[in-house]
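# Working through the structure, step by step
Residue strings, one per chain:
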Number of protein chains: 2
Amino acid sequence: MKTKNNLTLGIDIGGTNTVLGFVDENGNYFAGSSIPTNSTKDVNNFIERLVKKIKLMLNENGAAYNFAGIGIAAPSANYFEGTIESPSNLKWGNVKIVKMLHEFFEIPIVIVNDANAAAVGEKYFGFAKNMRNFIVVTLGTGLGSGIVVDGNLLFGENGFAGEFGHTIIDHKGRLCNCGRHGCLETYASVIGLKRTVYDLLSFYNYPSVFRDIPFKNLTGEMIFEHAIKGDQIALKAYDFTGEKLGKSLANLVACFTSEAIILSGGLLKSGDFIINPTRKHFEDSLLKIHKNKVKIIKSKFDDGMAAVLGASKVILNEINGKPYIKKVPVNE
Amino acid sequence: MKTKNNLTLGIDIGGTNTVLGFVDENGNYFAGSSIPTNSTKDVNNFIERLVKKIKLMLNENGAAYNFAGIGIAAPSANYFEGTIESPSNLKWGNVKIVKMLHEFFEIPIVIVNDANAAAVGEKYFGFAKNMRNFIVVTLGTGLGSGIVVDGNLLFGENGFAGEFGHTIIDHKGRLCNCGRHGCLETYASVIGLKRTVYDLLSFYNYPSVFRDIPFKNLTGEMIFEHAIKGDQIALKAYDFTGEKLGKSLANLVACFTSEAIILSGGLLKSGDFIINPTRKHFEDSLLKIHKNKVKIIKSKFDDGMAAVLGASKVILNEINGKPYIKKVPVNE
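Residues numbered from 1 in each chain as written. Chains lettered and ligands numbered in written order. Predicted model: local features only at pLDDT ≥ 70, side-chain atom pairs only at ≥ 80, totals over all residues. Heavy atoms only, no water.

### Quick look at the relation of the copies chain A and chain B
Two chain copies here: they are related by a rotation about an axis and a translation along the same axis. Superposing chain A onto chain B takes a rotation of 180 degrees plus a shift of 0.0 Å along the axis, which leaves an RMSD of 0.0 Å. As the rotation angle and translation indicate, the two copies are arranged about a two-fold axis. By C-alpha distance to the rotation axis, the residue of chain A lying nearest is I169(A), at 3.9 Å. (Least-squares fit on C-alpha atoms with pLDDT ≥ 70 in both.)

Dropping the structure here:
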């Protein structure tokens, strides 16, 4: 009797949307879908909607497979505890999400940091396939980073390495959700872009459509839309954001000497509006030995999908006896 | 017949002094010595003095051993080419130093980056013995860094990773030898401290002994000496230097989540004058998850000795068939 092939589900829980998709054992992915995260509502509401969605996807696509595991990608994920630990962009506090999902699915489930999952996705399915040293930067509600060194994800001493979004670029700068001032993500993210629009409205006196829009209502999509139409404030906001990001990436490359930076997340929907100024200021700020050697690339995946694929790969590896974080004794 | 034990020589070529020392197979080190580097003179003059010194040391200590190899630590070292590649703090241009020394010693010789050598020294002989994630920062004429991730040195794509001294902390800041503005090493180094003294002389109007000393004549030792005597400018210069260094180290830890930062180099002769403000601003600037978890330690070794020991260890490993940089195929 032929046994069915394994199927894994990847889930990326973002500040706005939660993206889902299946990956089979051959690395083919399909049935990509999403639900709103809506973290202002109770977490049980989210779990209920998520489980319903998963069951629907299984009904439509799962029959030919053995549903083998779920990999979750989320901010502030604790792999060892199976929890999401009060990230600033989700309002649920601490969530024992692996335990909660185990009540509905009696299969292996793991949770990993979203930007790290995206880095795994890029390594196995994206433009980083042949790279050993690269960095994935996700520009969404916040700024996440997954750093690959010599083919391996960088975890650091406690698994929380790669908080590039919380490197401080201006100690007297914008208040960050982390309680400090001037973190990079307060500038280089969708929310950062939005904050920059209002800063520029205060600084310049150009006419701009944004003068009619309250802070609360402005979205990244609207800024993109009006940049296309030539709104001066929108264009300057992208330049400012790209400058902060490009200069910071140059410092990161001074430390890591990566081959490429892969940009992803909601902000990348704006394409060249954000990529061009980022590249310019990056290149201008590099050490001579790095100039013209480090690529800045847009991910080949839509928002969230790299993390979905990466989380799927992580759970598949676990099932095959390859743990995501190996605890190695000192001086082995 | 009993064969003699292997003896290796470590050499650290610094901007001011070149430090030498022997290490036996059991990791014991002895006969530490030094010569002035004096890179304003011809490199042949340096090699001549270096070879003379090595021969003297061998005559005094080498008889009982088999002299097996030389490990050199230097700034801008190219391990693959055996060269020193025009570092800003040595005036020799490109130097084929391994080839030059091979004319005098027909034994294995390698050259490695000085801060990386120091990191190896700290890992095998110093306070980092039981650490898997730590960073060595050498504060001398410039600022070097050796970064250890998961027990391995970070090389990056081309072996030039760890240029933490050339992360830009102020794009309108001090001109750096690299041609850019505001690199960390223009603030956090012996030369940076000296530049700060003159900046502070221009800013304040306190009386200070430094008002009588021309820029060219001022040394790090003199600043230390007058800090002890309570000179306001000297004390403020240390605080300013520690602030720049501490804040930058906090950003580095956000990316790497290291267990400890080990400080070494000439600036550390000033002890608490530099360590205390560095620790204060580091701790104040850390992300909450890192607070009170990352140690800042002074190296247990005198200036240059960690790199001497590390370079010795590297050549001993090479002799034992363990190459320093392994070239690994992509997707192995």
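### Observations concerning the pattern of salt bridges
Residues and elements named next belong to chain A. Counted according to the given criterion, the structure contains 12 salt bridges over all chains. With a shortest N-O distance of 3.0 Å, D150 and R132 are connected by a salt bridge. Taken as a pair, D150 in the loop between β10 (143-149) and β11 (152-153) and R132 in the loop between α3 (114-125) and β9 (134-139) lie far apart in primary sequence, 18 residues in all. The salt bridge involving K280 is made with D284; its shortest N-O contact spans 2.7 Å. Taken together, the residues span about one helical turn, with K280 and D284 both in helix α7 (residues 272-285) at a distance of 4 residues. Overall, K280 belongs to the partly exposed group, its relative accessible area being 47%. (Salt bridge = Lys/Arg side-chain N within 4 Å of Asp/Glu carboxyl O. Helix = DSSP H or I, 4+ residues; strand = E, 2+ residues; numbered from the N terminus. Buried < 20%, exposed > 50% of the residue type's maximum accessible area, 1.4 Å probe, protein only.)

### Observations concerning unusual backbone geometry
A positive phi angle, near 60 degrees, is found at A31(A), a position not held by glycine. Examined against the element boundaries, A31(A) turns out to sit in strand β3 (residues 29-36). Even without glycine at this site, N38(B) takes up a positive phi of about 50 degrees. Looking at the secondary structure, you find N38(B) in the loop between β3 (29-36) and α1 (43-61).

### A look at the pairing of β9(A)
All names here are of chain A. Taking burial as the measure, the 6 residues of β9 include 6 buried ones, the bulk of the element. Across the two faces of β9 the burial is the same, with F134, V136 and T138 and I135, V137 and L139 all buried. As paired strands, β9 and β10 are joined by 6 bridges and run antiparallel to one another. Counterpart to V136 in the pairing with β10 is G146. The hairpin formed by β9 and β10 contains 3 residues between the paired strands. Bridging between β9 and strand β12 (residues 260-264) involves 5 bridges; their strand directions are parallel. Its bridge partner lying in β12, F134 is registered against A260. (Pairing = 2+ DSSP bridges.)

### Details of the sheet that holds strand β5 (residues 77-78) of chain B
Residue and element names in this part refer to chain B. With antiparallel pairing, 3 strands are arranged side by side in an open sheet as β5-β6-β7. A single partner strand is all that each edge strand has here, and the edge strands are β5 and β7 (94-95). In terms of strand pairing, β5 meets strand β6 (residues 83-85) through 2 bridges, oriented antiparallel. Each residue of the ladder has a partner; that of A77, found in β6, is I84.

### As for the packing of helix α5 (residues 220-228) of chain B against helix α6 (residues 232-256) of chain B
Residue and element names in this part refer to chain B. Look at α5 against α6: their axes get within 8 Å of each other, and the N-to-C directions meet at 110 degrees. Overall, the two elements α5 and α6 adopt an arrangement that is roughly perpendicular. In this structure, α5 crosses over α6, and the sense of that crossing is left-handed. Contacts from G220, I223, F224, H226 and A227 of α5 reach α6 at A234, L235 and Y238. Tallied by class, residues from the contact of α5 with α6 come to 6 nonpolar, 2 polar and no charged. (Axes fitted to C-alpha atoms, helices over the stretch in contact; angles between N-to-C directions. Parallel < 35°, antiparallel > 145°, perpendicular 65-115°, else oblique. Left-handed = near helix turned anticlockwise from the far one by under 90°. Contact = heavy atoms within 4.5 Å. Nonpolar A, V, L, I, M, F, W, Y, C, P; charged D, E, K, R; others polar.)

### Brief notes about α5(B)
Residues three or four positions apart in an α-helix share a direction because the helix packs 3.6 residues into each turn. Residues and elements named next belong to chain B. Looking at α5, one finds that the buried residues are I223, H226 and A227. All buried residues of α5 lie within an arc of 110 degrees about the axis, which places them on one face of the element. Turning to α5, the residues buried within the fold contact α4 (190-203), α6 and α7 (272-285). Immediately downstream of α5, the backbone of G230 shows phi near 95 degrees, a positive value. (Arc of directions from axis to C-beta.)

### Concerning the interface of chain A and chain B
Accessible area lost during the coming together of the parts is what is often quoted as the interface size. The interface is formed by 43 residues belonging to chain A together with 42 residues belonging to chain B. Between chain A and chain B, roughly 3400 Å² of surface is buried when both sides are summed, and carbon and sulfur atoms account for 56% of that area. When the area that chain A buries against chain B is broken down by residue, the three leading residues are R132(A), E157(A) and C255(A), summing to 18%. Broken down by secondary-structure element, the contributors of at least two residues to the side of chain A that touches chain B are β10 and α6 (232-256) of chain A. (Buried area = accessible area lost by both parts, 1.4 Å probe.)

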